[in-house]
Amino acid sequence: MTILITGATGLIGKALTKVCLSRGFTVHYLTTRQNAVVTEEKKKGFLWNPSKNEIDVNAFNGVSTIVHLAGATVANRWTSAYKKEILESRINTAQVIYDALEAIEHNVVHFISASGVSIYPPSFTKLYTESSTDVSDDFLGTVVTTWEKAADTFSNLDIQVAKVRTGVVFSAEEGAYPKIEKPVKMNLGAALGSGKQYLSWIHLDDIVGIYDYIIINKLEGVYNGVAPTPIKNATLTKKIAERYHKKIWLPNVPSFVLNIAMGEMSTLVLDGQLVSPAKMQKTKYMFMHSNIDSALNQLISNKKDS
Ligand SMILES: NC(=O)c1ccc[n+]([C@@H]2O[C@H](COP(=O)([O-])OP(=O)(O)OC[C@H]3O[C@@H](n4cnc5c(N)ncnc54)[C@H](OP(=O)(O)O)[C@@H]3O)[C@@H](O)[C@H]2O)c1
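Please read these numbers as outputs of a predicted model, since none were measured by experiment. (Residues numbered from 1 in each chain as written. Predicted model: local features only at pLDDT ≥ 70, side-chain atom pairs only at ≥ 80, totals over all residues. Heavy atoms only, no water.)

**Focus: the packing of aromatic side chains**
One pass over the full model with this rule turns up eight aromatic pairs. With centroids separated by 3.8 Å and ring planes inclined at 5 degrees, the aromatic side chains of Phe 111 and Phe 154 adopt a geometry described as stacked. Of this pair, Phe 111 sits in strand β6 (residues 110-116) while Phe 154 sits in the loop between α3 (139-152) and β8 (160-166); the two residues are 43 residues apart in sequence, bridging distant segments of the chain. Taken individually, Phe 111 and Phe 154 each receive the classification buried, so the pair is uniform in this respect. Here the aromatic rings of Tyr 120 and Tyr 128 are separated by 4.8 Å at their centres, their planes lie at 5 degrees, and the arrangement is stacked. (Phe/Tyr/Trp six-rings, centres within 6.5 Å; stacked < 30°, edge-to-face > 60°. Helix = DSSP H or I, 4+ residues; strand = E, 2+ residues; numbered from the N terminus. Buried < 20%, exposed > 50% of the residue type's maximum accessible area, 1.4 Å probe, protein only.)

What follows is the structure, given as structure tokens:
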């Protein structure tokens, strides 16, 4: 089987590539960077420049499944120019692939797109499952809604579509977790805002496991890519502190301070959604880290300096 991955050089993409190669698949990937192109027997990089509508269509040779992970990080400051990039790097990329597939002979039957739990409106109490229809009207809600619509268009080409509404991915080396852990290890940990907002997290092993499961079982539709046990911000901070034998002695960081420091993107840390992977759990997918204690065991034992 040959699989095409966009965003294969990122946190999830690198780990997914390894799993696909270990299954004996051939992995093609699209990158915007010449120096990220490698050509090996089973792993081949192809260049694209989605903002100019340019793509190397050799990337589709023999491909049956596409995993669309590309997208500019939401963790950079949200200026109006950067907000445009967040949106366009997800939508234009999907459009460039769609236009290419429409124009060539191909064997693609499955399109799996990353998506985000920020499609759901922030709430301290409401539990969202894959059947929830509530949609947030803030910036990220709009981005995710448009991103999913772009993915859905692939069904017009008779391609099955799956969307993975991803929570905050925890990895020892990259992404949100090292940023959350760092102040706690420095004895400067503090809950953010009320501390009562939920973080719907997922360990990197499981988000990759979910993509792998969707690929192998040819699943379609929406799946929440979150662990079954979301955690409140204050509880997470306390649990990490316990692991490092630190105390949380500072008061919560007030919301207005985070609003001033981070601007609109403070929503990333102050708002949260309580999200359940109910539909994923109804499949036979087995979570490797279904609770935070299991995830922290892996994340902290992986640190050289812990
Ligand atoms: N990690 C999380 O906590 C999380 C949570 C929710 C949703 N997601 C979504 O899951 C997907 C993968 O996440 P990730 O954490 O692996 O992302 P990541 O580490 O930030 O990597 C994203 C990849 O997208 C490509 N990219 C970046 N800007 C681009 C642009 N302007 N145009 C085209 N390609 C661009 C890059 O590939 P090249 O440099 O090779 O071109 C990069 O390797 C993303 O869409 C992300 O929004 C992630």
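Next, the rest of the story.
**Some points on a nonpolar patch on the surface**
Taken together, the side chains of Met 186, Leu 188 and Trp 249 present a nonpolar region at the surface, about 360 Å² in accessible area. Note on placement: Trp 249 falls in the loop between α6 (233-243) and α7 (255-262). (Patch = residues over 30% accessible without salt bridge, like charges linked within 9 Å, V, L, I, M, F, W, Y side chains within 5 Å. Areas by Shrake-Rupley, 256 points an atom, 1.4 Å probe, with all protein chains shown as cover. Salt bridge = Lys/Arg side-chain N within 4 Å of Asp/Glu carboxyl O.)

**What about unusual backbone geometry?**
Phi at Asn 53 is positive, roughly 65 degrees, even though this residue is not glycine. Structurally, the position occupied by Asn 53 is in the loop between β3 (43-49) and β4 (54-55). Asn 53 gets classed as exposed once you look at its relative accessible area, which sits at 52%. A positive phi angle, near 50 degrees, is found at Lys 218, a position not held by glycine. Mapped onto the fold, Lys 218 is located in the loop between α5 (204-217) and β12 (221-225).

**What about the packing of helix α4 (residues 176-185) against α6?**
Interaxial distance between α4 and α6 falls to 10 Å at its minimum, and their mutual angle equals 65 degrees. The hand of the α4/α6 crossing is right-handed. For the pair α4 and α6, contact is made by Tyr 177, Ile 180, Glu 181 and Val 184 and by Leu 236, Thr 237, Ile 240 and Ala 241, respectively. Here the residues of the contact of α4 with α6 sort into six nonpolar, one polar and one charged. (Axes fitted to C-alpha atoms, helices over the stretch in contact; angles between N-to-C directions. Left-handed = near helix turned anticlockwise from the far one by under 90°. Contact = heavy atoms within 4.5 Å. Nonpolar A, V, L, I, M, F, W, Y, C, P; charged D, E, K, R; others polar.)

**Here's the deal with the site of the ligand**
What surrounds the ligand is a group of 23 residues, the closest being Thr 9, Thr 31, Thr 32, Arg 33 and Arg 90. Measuring from an oxygen atom of the ligand, one finds a backbone N or O atom of Val 169 at 2.9 Å. Those elements that place two or more of their residues in the shell around the ligand are α1 (11-22), α2 (80-103), β6 and β9 (168-170). The leading source of residues in the shell around the ligand is α2, at four residues. Partitioned by chemical class, the residues of the shell around the ligand number nine nonpolar, 11 polar and three charged. (Near = heavy atom within 4 Å. Polar contact = N/O pair within 3.5 Å; in protein donor to acceptor, adjacent residues only side chain to side chain.)

**Quick word on the pairing of strand β5 (residues 63-68)**
Extensive coverage of β5 is indicated by the burial of six of its six residues. Handedness of the crossover is the feature at issue here: the chain leaves β5, passes through α2, returns alongside β6, and the resulting connection is right-handed. (Right-handed = clockwise from strand over helix to strand, strands pointing away.)

So, to be careful, I would describe these as geometric facts and stop short of saying anything about function.
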